[in-house]
Amino acid sequence: MKNEKKGLQEPDDLISVNETERLRRDMNRPDMEKLQLFTKMLRTNLILKKAVIRHK
């Protein structure tokens, strides 16, 4: 009864499809773009590690 309409997907299926499409898109990126995305990810992780959360 969850999927009464034909073609309605479960949220997990939708996430899986989106993840697969994203991985395919990333796989076909040029090497320079992959390097830029990787360095951006490293900078973001470094900023998050340095972040201090203070509760008031």
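Scroll up to find the structure.
For the structure given in this document, a descriptive report is provided here. (Residues numbered from 1 in each chain as written. Predicted model: local features only at pLDDT ≥ 70, side-chain atom pairs only at ≥ 80, totals over all residues. Heavy atoms only, no water.)

## Let's talk about the overall build of the chain
Our working definition: Elements are defined by DSSP. Helices are runs of H or I of four residues or more, strands are runs of E of two residues or more, and each kind is numbered from the N terminus. Here's how the labels work: a residue is buried when its accessible area is under 20% of the maximum for its type, exposed when over 50%, partly exposed in between, all with a 1.4 Å probe on protein chains only.
Summing up its helical and strand segments, the chain has two helices and zero strands in all. Counting only residues that meet the buried cut, the chain has 0% of its 56 residues in that class.

## Here's the deal with the environment of Arg 29
What counts is decided by this rule: In this description, contact between two residues means that some pair of their heavy atoms is separated by no more than 4.5 Å. Here a polar contact is taken to be a pair of N or O atoms separated by no more than 3.5 Å, where protein atoms must pair a possible hydrogen donor with a possible acceptor and residues adjacent in sequence count only if both atoms sit in side chains.
For Arg 29, the position within the fold is in the loop between helix 1 (11-27) and helix 2 (31-50). Those residues in contact with Arg 29 that lie beyond four places of it in its chain are Lys 34 and Leu 37. In terms of polar contacts, Arg 29 uses its side chain to reach the side chain of Asp 26, at 2.7 Å.

## Considering the pattern of salt bridges
Definition in use: In the sections that follow, a salt bridge refers to a side-chain nitrogen of Lys or Arg positioned within 4 Å of a carboxyl oxygen of Asp or Glu.
Inspection of every chain in the model, using the stated rule, returns four salt bridges. Among the ionic pairs, Arg 22 bridges to Glu 19, the shortest N-O distance being 2.8 Å. Of this pair, Arg 22 and Glu 19 both sit in helix 1, three residues apart, roughly one helical turn. Using a relative accessible area of 36% as the deciding quantity, one classes Glu 19 as partly exposed. The partner of Arg 29 in a salt bridge is Asp 26, with the nearest N and O atoms 2.7 Å apart.

## Considerations on a nonpolar patch on the surface
Let me state the cut-off plainly: The patch calculation keeps residues exceeding 30% relative accessible area without a salt bridge and links them within 9 Å when they carry like charges or within 5 Å when they are nonpolar (Val, Leu, Ile, Met, Phe, Trp, Tyr). Note that accessible areas follow from Shrake-Rupley with a 1.4 Å probe, and for residues the cover is restricted to the protein chains shown.
Judged by side-chain polarity, Met 32, Leu 35, Phe 38, Met 41 and Leu 42 come together as a nonpolar surface patch covering roughly 490 Å² of accessible area. Relative to the helices and strands, Met 32 is located in helix 2.

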